[in-house]
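# Chain and residue survey
Below, each chain spelled out in residue letters.
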Amino acid sequence: MPTLPPRRSRRRYLAQSLAGLMAMPAALLSGCQTPGGGSPASHRDSRLRALGFTPSDEGWSLNLSSKLLFAFDADALDATQRQHLLELGNSLAALGVGELRIEGHTDLKGSSDYNLQLSQRRAEAVAQVLRDSALSRARLTVRSRGKERPVCTDDTEACQSQNRRVVLIVPAL
């Protein structure tokens, strides 16, 4: 057991130790700053926005309907869609995304049971491509939404095709 210095020296020793401990969080946090003064979170947020994600109640959401729509009653991805997903997966991995939820959706036609199965297959198809990207170690959760969350309810093909989609969600930290 170490011997303690005389009483006055102990107080000075404790005061110096306490001052050092109080300065430690500031020193640790300063090491987390990115060049230009932005925090890592704000950098990540701006990169997610650049990829097309928008803030949502659950974190960050990307509706792939602008780049990845499925044909009626289909769950297959073409080569262009696969390439886009690989690039997106690599970008998300570079941002340190460790968790991603993939939600499949369908149009309003057909039974609820069938649409839940179809939207599951769509989400699984996207998840498989993302697993082939740098996100392979990330926790990917697949969820089937069926026709429960349509983005358009008009009974036209143009409207219904917007519902045949997959949404990616980066949960809030």
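Preceding block: the structure.
What comes next concerns the included structure. (Residues numbered from 1 in each chain as written. Predicted model: local features only at pLDDT ≥ 70, side-chain atom pairs only at ≥ 80, totals over all residues. Heavy atoms only, no water.)

## Let's talk about helix 3 (residues 79–94)
To keep things clear, this is the line we draw: The way it works is that DSSP assigns letters per residue, a run of H or I at least four long becomes a helix, a run of E at least two long becomes a strand, and they are numbered from the N terminus. To estimate the expected span of a helix, subtract one from its residue number and multiply by 1.5 Å. Burial status follows relative accessibility: with a 1.4 Å probe on protein chains alone, a residue under 20% of its type maximum counts as buried, one over 50% as exposed, and anything between as partly exposed. This arc corresponds to the set of directions leading from the helix axis out to the C-beta atoms. Side-chain atoms alone can form a polar contact between residues adjacent in sequence; in general such a contact is a pair of N or O atoms within 3.5 Å, and within protein one must be able to donate a hydrogen while the other accepts it.
Counted at 1.5 Å a residue, the expected span for helix 3 with its 16 residues is 22 Å, and the 23 Å between its end C-alpha atoms agrees. The complete set of buried residues in helix 3 reads Q81, L85, L88, G89 and L92. Along the axis of helix 3, the buried residues cluster in a sector spanning 105°; they form a single face. Opposite its buried face, helix 3 presents the exposed residues A79, T80 and A94, each directed more than 90 degrees away. With a side-chain oxygen positioned 3.1 Å from the backbone nitrogen of T80, the residue opening helix 3 is D78.

## Side note on the pattern of salt bridges
Short version of the rule: Salt-bridge detection follows one rule: a side-chain nitrogen of Lys or Arg within 4 Å of a carboxyl oxygen of Asp or Glu.
Using the criterion set out here, one finds 11 salt bridges in the structure. Its salt-bridge partner being E103, residue R145 comes within 3.1 Å of it at the nearest N-O pair. Placement of the pair is R145 in strand 4 (residues 139–146) and E103 in strand 3 (residues 99–105), with a sequence separation of 42 residues. Like E103, R145 is buried. Across the salt bridge formed by E157 and R164, the nearest N and O atoms sit 2.9 Å from each other. For E157, a relative accessible area of 46% gives the class partly exposed. The class of R164 is buried, set by a relative accessible area of 3%.

## Concerning the environment of R101
Where we set the bar: Contacts: residue pairs with any heavy atoms within 4.5 Å of one another.
Residue placement: R101 occurs in strand 3. Measuring from C-alpha to C-alpha, the distance between R101 and L140 comes to 5.8 Å, with 39 residues separating the pair along the chain. When sequence neighbours within four positions are dropped, the list of residues in contact with R101 reads E58, T141, R143, V167, L168 and I169. Looking at R101, its side chain comes within polar contact range of the side chain of E103, at 2.9 Å.

In short, the description is geometric, and any link to function would need to be established separately.
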